[in-house]
Amino acid sequence: MTKPLISVKDLTIRFNTDEGLVTAVEKVTFDIASGEILGLVGESGSGKSVTAKALMLLNADNAVYDPESSIKLNIDDQEIDVLSLGPKDRKIIRGGAISMIFQEPMASFAPAISIGDQMVEQLLIHSDMTRARATEVSIEMLARVGIPDPAQRFKQYAFEFSGGMRQRAMIAMALSTKPKLLIADEPTTALDVTIQAQVIDLMKDLVSEFHMGILFITHDLGVIAQTVDRMAVMYLGTLIEKGEVRNVLRKPGHPYTQGLMNALPKLDDLDVPLTAIKGDIPSPLDRPAGCVFNTRCPVSLGEDCESRVPVYTNMEDGHEVACHLAENAGTPA
Amino acid sequence: MTETLIETNDLSVHFPLKGNLFGPTPVVRAVEGVTVHIERGSFYGLVGESGSGKTTFGRALLRAAPITRGAANYSDADVSYDLTTLEGEDMTEYRKRAQLIFQDPYAALSPRMTVRDIIAEPLEVMGLTKSRDETDERVRAIAARCRINLEHLRRFPHAFSGGQRQRISIARALVSEPNFIVADESVAALDVSIQADVLNLLKSIQMDMGLTFLFISHDLSVVAHVCDHVAVMYLGRLVETAPTRELFAAPRHPYTKALLSAIPSLDPDDSGDVVKLEGEIPSPINPPPGCKFQTRCRYAIDICRVEEPKLDNLGFDHDVACHRWKELADDPQASVVEHD
């Protein structure tokens, strides 16, 4: 069996703050294979972005990685231990083997340098191309992501691009170094629905063409359903449910995932009332003991849920759920 | 019998840009010739992509954007105003009756004021209460109605989550007892689990207090759930308007169809008969001639490129501005057949 492109195991990240050590991510475990899109869903503050940034060691200096955490990147029969990379070796995970695209493309480009110069610059850093060759490759990539008149666009600045075009340029830039893993952090959230549909199509095409792995972060379950192969649901820094996207969305096993689905307005039945999940997400400063969802859970069993962290249990269709109810009914994973 | 609360006729909002010395001054036609009737007690939805003019239209109704041309009237039981000429005392009175709820609850609340002061400010500015006790009483009443914990009134906004902040914004908008509310993308910045809570709150307040809402949103599934009438805007024009169920069951304008089909389905195996739109919304400084949607419409023919379609009534209170809606409706295949 081939090794997955990246395996993250027991990733725990805490931040040193004035108010003490804050746990942002706890015991997160997942793999991504080449050619696969893994969706990471969660609400604001659930730790999605912190997890993604950890893969490129982009978290701020006050981040403390638990000693049990491991992030292993497998490229060309070589295993790279990401968390032990020194400052000089980080080039490989920052724009080399891993690239990232962000939610707000306007904030991701330097405003005073042309799009083309920014694309060429990173190619010069990460490959041994000449400037002329890098220019050629960049223009080809702009054309590939569907930007009309790429040679002209190459010379323009970010403010001259519309929102959708900027996100395409961002994708072109991220892919021009031929990364093995692409991290897309809410890439369609700032876009209109019609443009969002275009960008999702583009990303799917690119996966089959370049055969890379994608970690796709979003809060939108509809986007997840149409884009990813497998998904993981995150709540307060913990993955509470994960598996094939079909299985998770058709038979969500965790009360939080079920709550999210019920809170979502659906177009095929306008009479179903929207059901909110009661309460607010607790602050990471007072993370609940036991199951992190127990303060808002409609079916909490009481003491058990409040004191012991649930283990993953396999549902009938094979996807995993971390919930005491499922634990009592099913078989441990 | 329902009555019209807000009525516009051929309403336009233009913003002149800084031109060069020679040649004409370029003008952004943000809203162009929009005619709507908003009935009292209705939850009226306005949808469209960014740049479609929906926010500007909402602001024009509140007189927060200048009305360049056309008519706009507000008529309540006791009073009616011509919104284009409103000024002085009438304007002050109208401000009590028409309020705005903003999109971003993080930017809308002053970090230096307590929740009590934030909610009380409209009462004080408009001089609606005579004593501090009376103000406090009204603040407490509206806070309770918006499910704000009364103990929280002494705190500052930074202590609250997005959902709680949005409830504070809603309380502030409602404290002067308005009867017309413009809610501009009021749930767009909220997480799904909180969004449902705020939508349910808005809806119950609207029913209990008999308010009229103009609900501006880019999210069609949200609009479908709370609104009873929907208007779709594109590049400053109204392209289709109908009762919600009618619009979602039988959309007629190619743009409405495309918007509906672009909403990603929750079923991974149902990618739907997606009507893919090419390109993006053109600039309102230099809109295309004829139908504004013709540059992205796959049904566009010669007439669409020269003549702008007018709103056509097709019964059931359903209006559409498209030259070809009839033939496209008669041909059920038309919505799935691609032409390249």
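Scoring rules and cut-offs
Residues numbered from 1 in each chain as written. Chains lettered and ligands numbered in written order. Predicted model: local features only at pLDDT ≥ 70, side-chain atom pairs only at ≥ 80, totals over all residues. Helix = DSSP H or I, 4+ residues; strand = E, 2+ residues; numbered from the N terminus. Rg over C-alpha atoms; globule rule 2.2 N^0.38 Å. Buried ≥ 20, exposed ≤ 12 C-beta atoms within 10 Å, placed from the backbone. Contact = placed C-beta atoms within 7 Å. Pairing = 2+ DSSP bridges. Core = buried A, V, L, I, M, F, W, Y, C linked by C-beta atoms within 7 Å. Domains from an automatic or database assignment. Nonpolar A, V, L, I, M, F, W, Y, C, P; charged D, E, K, R; others polar. Axes fitted to C-alpha atoms, helices over the stretch in contact; angles between N-to-C directions. Parallel < 35°, antiparallel > 145°, perpendicular 65-115°, else oblique. Left-handed = near helix turned anticlockwise from the far one by under 90°. pLDDT = per-residue confidence, 0-100.

**Quick notes on the overall build of chain B**
Item 1. Broken down by element type, chain B carries 11 helices and 12 strands.
Item 2. Against the globule reference of 20 Å for 340 residues, chain B gives a C-alpha radius of gyration of 21 Å, in line with a compact fold.
Item 3. Seen through its principal axes, chain B has C-alpha atoms that stretch 70 × 55 × 45 Å.
Item 4. In chain B, buried positions account for 43% of the 340 residues.

**Regarding the overall build of chain A**
Item 1. Within chain A, the regular secondary structure consists of 12 helices and 14 strands.
Item 2. A compact globule built from 333 residues would reach a C-alpha radius of gyration of about 20 Å, and chain A, at 21 Å, matches this within 12%.
Item 3. In terms of its C-alpha atoms, chain A occupies a principal-axis envelope of roughly 65 × 50 × 45 Å.
Item 4. Of all 333 residues assigned to chain A, the portion counted as buried reaches 46%.
Item 5. Within chain A, counting contacts between residues at least 6 apart in sequence, those at least 24 apart form 62% of the total.

**Considering the interface of chain B and chain A**
Item 1. With 35 residues of chain B in contact, the opposing surface of chain A contributes 32 residues.
Item 2. Broken down by secondary-structure element, the contributors of at least two residues to the side of chain B that touches chain A are helix 5 (162-174), helix 6 (192-209), helix 7 (220-226), helix 8 (244-249) and helix 9 (254-262) of chain B.
Item 3. Per-element tally for the side of chain B that touches chain A: the top contributor is helix 6 of chain B, with 8 residues.

**Some words on the sheet that holds strand 9 (residues 229-234) of chain B**
Each strand in a sheet pairs with another by means of backbone hydrogen bonds, the pair being arranged parallel or else antiparallel.
Residue and element names in this part refer to chain B.
Item 1. Strand order in this open sheet of 8 strands is 6-7-8-3-9-10-12-11, and the pairing throughout is mixed. Looking at the sheet topology across the chains shown, the edges are occupied by strand 6 (98-101) and strand 11 (312-313).
Item 2. Bridge count between strand 3 (residues 43-47) and strand 9: 4 bridges; the pairing is parallel. When the bridges of strand 9 are listed, Tyr44 appears paired with His229.

**Quick look at the nonpolar core**
Item 1. Grouped together as the largest cluster of nonpolar side chains are 180 residues, with contacts concentrated most on A:Leu181, A:Leu215, B:Ile119, B:Ala171 and B:Phe215.
Item 2. Per-element tally for this core: the top contributor is helix 6 (residues 163-175) of chain A, with 8 residues.
Item 3. The residues contacting B:Phe215, other than those within four sequence positions of it, are B:Phe43, B:Tyr44, B:Gly45, B:Leu46, B:Ala183, B:Val223, B:Val226 and B:Cys227.

**A few points about the domain arrangement of chain A**
Residue and element names in this part refer to chain A.
Item 1. Taken domain by domain, chain A consists of domain 1 (6-228) and domain 2 (253-332).
Item 2. Across the contact, 7 residues belong to domain 1 and 7 residues belong to domain 2.
Item 3. Counting residues per element, the side of domain 1 that touches domain 2 draws most heavily on strand 2 (residues 20-32), at 3 residues.
Item 4. For the side of domain 1 that touches domain 2, the residue count by class is 3 nonpolar, 2 polar and 2 charged.

**Re the sheet that holds strand 5 (residues 80-82) of chain B**
Residues and elements named next belong to chain B.
Item 1. If you walk across this open sheet you meet the 4 strands as 2-1-4-5, and the pairing is antiparallel. The open sheet terminates on both sides in strands that have one partner only, identified here as strand 2 (27-39) and strand 5. Direction aside, neighbouring strands of the sheet carry axes that sit 15° apart on average.
Item 2. Where strand 1 (residues 4-16) and strand 4 (residues 69-75) come together, 5 bridges link them in antiparallel fashion. Paired with Glu7 across the strands is Asn73, a residue of strand 4.
Item 3. Packed on one face of the sheet, helix 1 (residues 54-61) meets strand 1, strand 2 and strand 4 and runs near 65° to strand 2.

**A closer look at the packing of helix 4 (residues 131-144) of chain A against helix 6 of chain A**
Residue and element names in this part refer to chain A.
Item 1. At their nearest, the axes of helix 4 and helix 6 sit 9 Å apart, and the two run at 135° to each other. Compared by their axis directions, helix 4 and helix 6 come out oblique. Between helix 4 and helix 6 lies a crossing of right-handed hand. For the pair helix 4 and helix 6, contact is made by Met141, Leu142 and Arg144 and by Ala169, Ala172 and Leu175, respectively.
Item 2. Residue composition of the contact of helix 4 with helix 6, grouped by class: 5 nonpolar, no polar and 1 charged.

**Describing the confidence of the model for chain A**
Item 1. Here chain A shows a mean pLDDT of 89. Residues at 70 or above account for 98%.
Item 2. Taken element by element, the predicted model of chain A shows its lowest mean pLDDT in strand 14 (residues 331-332) of chain A (59) and its highest in strand 10 (residues 230-235) of chain A (95).

**As for the environment of B:Arg305**
Residue and element names in this part refer to chain B.
Item 1. With respect to the element layout, Arg305 can be found in helix 10 (residues 302-306).
Item 2. Its 13 C-beta neighbours within 10 Å are what place Arg305 among the partly exposed residues.
Item 3. Sequence separation between Arg305 and Ile101 is 204 residues, and the spatial gap between their C-alpha atoms is 38 Å.
Item 4. Residues in contact with Arg305, not counting those within four places in the same chain, are Pro289, Gly290, Gln294 and Ala300.

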